[in-house]
Each structure stands twice: as structure tokens, then as C-alpha cells.
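Observations on chain architecture
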Amino acid sequence: MEKKQRFSLWYFMATFLILLIIESFLSSPHSETISYSDFKRLVKAGKVVDLTIGERTITGRLKPEGLEGLLPQEKIEEIRKAGKGEHRFFTLRVDDPSLAQELEAANVRFSGRVENTWFSTLLSWILPALIFFALWAFFIKRMGAASGVMELGKNKAKVYMEKQTGVTFDDVAGIDEAKEELMEVVTFLRSPERYRRLGGKIPKGVLLVGPPGTGKTLLAKAVAGEAEVPFFSMSGSDFVEMFVGVGAARVRDLFAQAQKKAPCIIFIDELDALGKARGLNPMGGHDEREQTLNQLLVEMDGFDTNTGVIIMAATNRPEILDPALLRPGRFDRHVAIDRPDLQGREKILRVHARQIRLAPAVDLSAIAARTPGFVGADLANLVNEAALLAARKGKEAVEMTDFDEAIDRLVAGLEKKTRVMNLKEKEIVAYHEAGHALVAESRPHADRVTKVSIIPRGVAALGYTQQQPTEDRYLLTKAELLDRLDVLLGGRVAEELVFEDISTGAQNDLQRATDLARHMVMQYGMSEHLGLVTFEEPRTAAFLNMPMSPRPREYSEQTAQTIDAEIRKLLTDAHARVKETLTSKRQALEALAKLLLEREVVDRAMLKQVLAIPTAT
Ligand code: ADP
Ligand code: MG
Ligand code: ZN
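This report concerns the structure included in the present document. Everything numeric here is computed off the predicted structure, so don't read it as measured data. Within each chain, residue numbers correspond to sequence positions counted from 1 in written order. Chain letters and ligand numbers both follow the written order, the letters beginning at A and the numbers at 1. The model is predicted, so local features are restricted to residues of pLDDT at least 70 and side-chain atom pairs to those at 80 or more, both for listing and for counting; the totals for chains, interfaces and linings are taken over all residues. As a rule here, side-chain values come from all non-hydrogen atoms in the structure, and water together with hydrogens is ignored.

Should a side-chain nitrogen of Lys or Arg be within 4 Å of a carboxyl oxygen of Asp or Glu, the pair is scored as a salt bridge. Tallied over the full model, the rule gives 31 salt bridges. Put simply, R443 and D486 hold a salt bridge, and the shortest N to O gap is 2.6 Å. Remark: D486 occurs in helix 18 (residues 478-499) and R443 occurs in the loop between helix 17 (423-441) and strand 12 (448-453); sequence separation between them is 43 residues. Judged on exposure class, the residue R443 and its partner D486 are both buried. When salt bridges that share partners are traced, they join E385, K393, K395, E399, D402, E405 and R409 into one network. Every helix listed is a DSSP run of H or I at least four residues long, and every strand listed is a run of E at least two residues long, numbered separately from the N terminus. The cut-offs for exposure are 20% and 50% of the maximum accessible area for each residue type, with area from a 1.4 Å probe on protein chains only; residues under the lower value are buried, those over the upper are exposed, and the others partly exposed.

Turning to the packing of aromatic side chains, a few remarks are in order. The criterion for an aromatic pair is that two Phe, Tyr or Trp rings (for Trp, the six-membered ring) have centres within 6.5 Å, with stacked assigned to planes under 30 degrees apart, edge-to-face to planes over 60 apart and tilted to the rest. Here the structure, examined in full by the defined rule, presents six aromatic pairs. Between F39 and F89, the ring centres sit 5.5 Å apart and the planes meet at 35°, which makes this aromatic pair tilted. Of the two residues, F39 is situated in helix 2 (residues 36-44) and F89 in strand 4 (residues 87-92); the sequence distance between them amounts to 50 residues. Each member of the pair F39 and F89 is classed as buried. Ring plane angle 40° and centroid distance 6.2 Å describe the contact between F133 and W136, whose orientation is recorded as tilted. Taken together, the positions of F133 and W136, both in helix 5 (residues 118-147) and three residues apart, correspond to about one turn of that helix. We classify W136 as partly exposed; its relative accessible area is 43%.

As a further point, take the pairing of strand 7 (residues 205-209). The side chains of a regular strand alternate, residue by residue, between the two faces of the sheet. Of all five residues making up strand 7, five are buried, and the element is well covered by its neighbours. Neither face of strand 7 is exposed, since G205, L207 and V209 on one face and V206 and L208 on the opposite face are all buried. Relative to strand 10 (residues 309-315), strand 7 is paired through five bridges, and the arrangement is parallel. Of the residues in strand 10, the one forming a bridge with L208 is A314. Note: strand 7 against strand 11 (residues 333-336), four bridges, orientation parallel. Among the inter-strand pairings, L208 is bridged to a residue of strand 11, identified as V335. Between any two strands, at least two bridges found by DSSP are needed for them to pair.

So, in C-alpha cells, the structure goes:
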């Protein structure tokens, strides 16, 4: 478009020039200019043979002889030359009403002429038009570059369609569970007929949930690559525009395009930007986002998976998603992608190290051990940084020292986000989690431990102990709640025992333990001293997350004191019990902590070996 404009501008210029040349030929005066007074004198002296009076000019011929004295010599020469022998002259007309009479008196043949003024007329409108056009083009270009306002009406949907993503499962490492779960989607996309014949239901929407940089986008692309189907991708934030209705139109567009290309994958990155729960914004809704979200829901409901279109989405904040998005028939399949553990990190490093030349001494497992908390994107960055450092030093291959330097650099940046722990912290977290796990395993009513990890998760949790109930429970007995209290305190007590000091890491546990104890006393009536009474706790408005107007307490100051005492008693009793348990299991505690420091993640099978360690009495 821009190029064409410039072309037509050039055409204008060329035409203009050609016209100029033609004009100069047409009106080339084969005559020489003289002044009007000279002309009048020549008329009076009877030297003019004939003339033509135009609107603004007078041209004519002079008698060749006897001009001397009336005109300067060189003027006469010029007149002769210009007229090619004939003495032609040319003068500008002056308002002179008596001219006709004088000419008649001098017996000069004269005639009028309509001058050919087409060119000047043309110029008089073409030139302004040309200038206007140039200015307009200039401003359009300016505006277009600045804001894209000129494309306002157009639905410039940023749909990225890749016929082949070129990414395969080989490029994704360290998240094998997620890969396994997505394998089903791949086989479906490869041969949808097979599933259709059997009448199987394939998930419509798969939601990838995990922290940033863990490879969600990469994994979605790999699914498309493995299945060899087109990959339509769009970011949630692309949908949300300033103008109401544009996002919804884009969603429609995206689904229409994808359905033509089925089987294929539609991938919506950063789903949270678009799928934030409606009405979550206390400042009033965001109409455009809601419309877009509604359109997405409509589209997801409106088509059948049997067409072979699978919708994938990624988010790192599943908790803020609108529940409607997670309902059956929408994004009902969730695939969790966690930060990689030690082995996972090594595998990811291996994938990225394929692209660089490594010195033989480089030990990727040692690098993995030094980078707890790093996600795939960090590791990719690390390999790249190391390669750059080596290149800067003019090395032939990337050496271990380059990796060390790169780690130091990256860690400094990541530590600010508390995603990387130093060794001392790691040790504390290891004992802390080991404490939780051992207490859980030694309590008959606690859920079994499935996994203990000291891989940091987000800002708050530095490690976690995963427990799984053996059955669905709707009621909890007092004994179960007490065991739960013990498990919550296990981490803190382990820290006390081992380091004779406690860290701030246990704060969340303590909070939860206190809440639990308070519920037991105030709501469940599980306190011996207070007995069968429940007390209202101040309610909070669930959706605003702010306390509502405080209600007057419905019990006496003395009761309040008893409540506090009862809560404290529950906690101190639990503390004593846990301390006893962990003291007797000190050996197992040490062993489990050591194992955690070594492997970062300990699963149930390994945990059982630790538990086999005899308890001291
Ligand atoms: P997310 O979408 O989860 O934020 P990305 O998929 O955009 O993360 O990951 C960014 C980059 O990090 C990828 O392009 C890849 O180079 C690297 N990466 C992340 N996770 C992995 C992984 N599991 N295996 C290999 N590379 C990974
Ligand atoms: Mg991403
Ligand atoms: Zn804890």
C-alpha cells in the first residue's frame, strides 16, 4: 500500500514535467520581449506591420527597416534572431483603452486571440491538489505508525497459524508425567476416526497449569508437532482490546479458521488474561473481557470434539480463572507442570546443550545440582549465557567455568524473586519437610505421604510435603484433627530439634495450625473446658476478601480468655507430642533430610526405606 502510493507520486511528478516541456514548446515565443512604451512608440512611428492581441499579451511583426533610433541596437538584433529573419516582438498588455484607435490611426492590421491558457488553469488546481495529497500521505503514515488507528475497523486478529510447529516431545524434557498425559491427545489427533468409531469421548479442552517458564507453551507446540497438525495460537491478552466487541469477533474468527483446518490445535496462552472470573473486579466489570470470555464459552460449547479440534490453554494462575471455564465440556482436563527436579533439570540441560559445543569435562548433573528452583526457561537461558561467555573469551568449547559464571549471574537475578535458595536454607527446608513427613507417617489418622519435595514453589512455599487421603472423607473426628495439628507442627519442631532455632519458613504452618485449633474450639465444640458451644467468628465478605462491619462479640471477656487458653493448650499439647515423636525418630529424620538434600524429591517408595529405620526408645 505504501509502495503504491509512492509510485503514483512519481507518476504525478513525471506527468508534471512532461507537461512543462510541452508547454514551453507550444508557447515558445519566436519573438522577443519589448516594453509597452517601446511598443507604443513603434506603433506611432508606423513600424508595426500587424499584431495579435491576446488577453494578456500582444505579439506581432515589425518592419525590418528603420528601427534604429526607436530601439537599442542589440534589442533589434535579438528581435531578428528570435523571429528567424522576421522581426517578431512580444509585449505584455497594459490596460489601454485607446490602443485600438491608435492602431487604426497607424493603419496596423490587428486581430484578437483567445490565449491558450489550459496549462495555467491545470496548474492552478493540480499544484494545490498535489501538495494536499503529499501532506495527507505523510500524516497517514505518521498516524499509522503511531497508533494503528487507521486499522481500527479491521479485525486484525493476531492468529498465528503454524502448519508445522517443528517442536517434538524430544525438545521437552523433565516433565514426563505431563507428556504422558498429553500422549492421548496426540494419538487422537493422529487418527481421530479411530476414536470416533469407538465412540470414545476425547477431552475438548486441556489446561496446562504451571509456573512461568516451565514449558507450557513449548509442550503445547510439541503436541501439535508430534501429531503433525496445524497449531493456532493466540495469547489471552491479544483478545482484550480497547474496543468492545473486537475480542469476541477474534474468538469467532479463530474458531472458524481452525475448524476449516481440522484436525488441529487451538492454543490460548495466558488464559488468565481473558478468563479472569467475571465480577472479580470490584471497580465494576470489564465489559469487553466478559464479552470475549462469553464468546469463548459459546464457541467451546458449540463444537464437537469429533471434528478433531482440541483446545489447549496455559495459565500460571488457575485460581483466578472463571469457574465456568473449568466446567465439564470446557477445560476439564488439567495437566500440572511443576518445576523440574534434579533429574529433570539435567535432562533439560541436555536438550539445550545439544545446540552448543561442550568441553568434555562439563558435568551437566553437577550444574543441575547447583540450580534448584530453576525452571526450563532459566536453564535454557543458562546454557545460552554460558555459551556467550565462552564465545566472548574466544574459547573453542563451553567449559565448566563458563557455566559457573553464568549460574552466579542468573542466581543473583533469581534470588530476588526468592526462587533460589542457598545451601543453608536448603538444609533448613529439608529438615522442615522431613519433620512434616515423619510426623504424618507416625500418626494413625493422618493421610499418607506421597511425596516430599524441597523444590521451591513460588514465593511462599520453599518445599512441600504431599499427602493423599486413602479415601474420600466428609467428616473428621477429633482424633483426626489432632493428628492434622501434629503434622502441621512437624516442620517447626524438626527445625527446633536440629538447629535449636526456628526460621520464618514455618510461619504459614503455624497460621494454619492456629486456625485449625481455633475452629476446633469455637466451632466444633471440641474443647473440654468450654464444652458444647459454638462461637461465631467474624465473617468476611468472600468476594471482596475484606472484613465486613465488625459484629459485637456474643460472649464475655472471660469466655474469650478461656477460648484463647484452650487454643493455646491444643497447640502446646500438640507441640509436646510432636517433639517426642521426632526425638525418638531422630535417625530417620536425619536420613530423610539427607536424602532430600541429595535428590530434592523423595517419593513414597524411597520414604518407606527411611521409615524402616528403627525408632529409638
Ligand atoms: P511457559 O509457557 O511455561 O512460560 P515456555 O514454554 O515459553 O514456558 O518456555 C520458554 C523456553 O524455556 C522454551 O522455549 C524452552 O527453550 C525452555 N524450556 C522450558 N521448559 C522446558 C522443558 N521442559 N524442556 C526444554 N526446554 C524448556
Ligand atoms: Mg508461555
Ligand atoms: Zn511446613
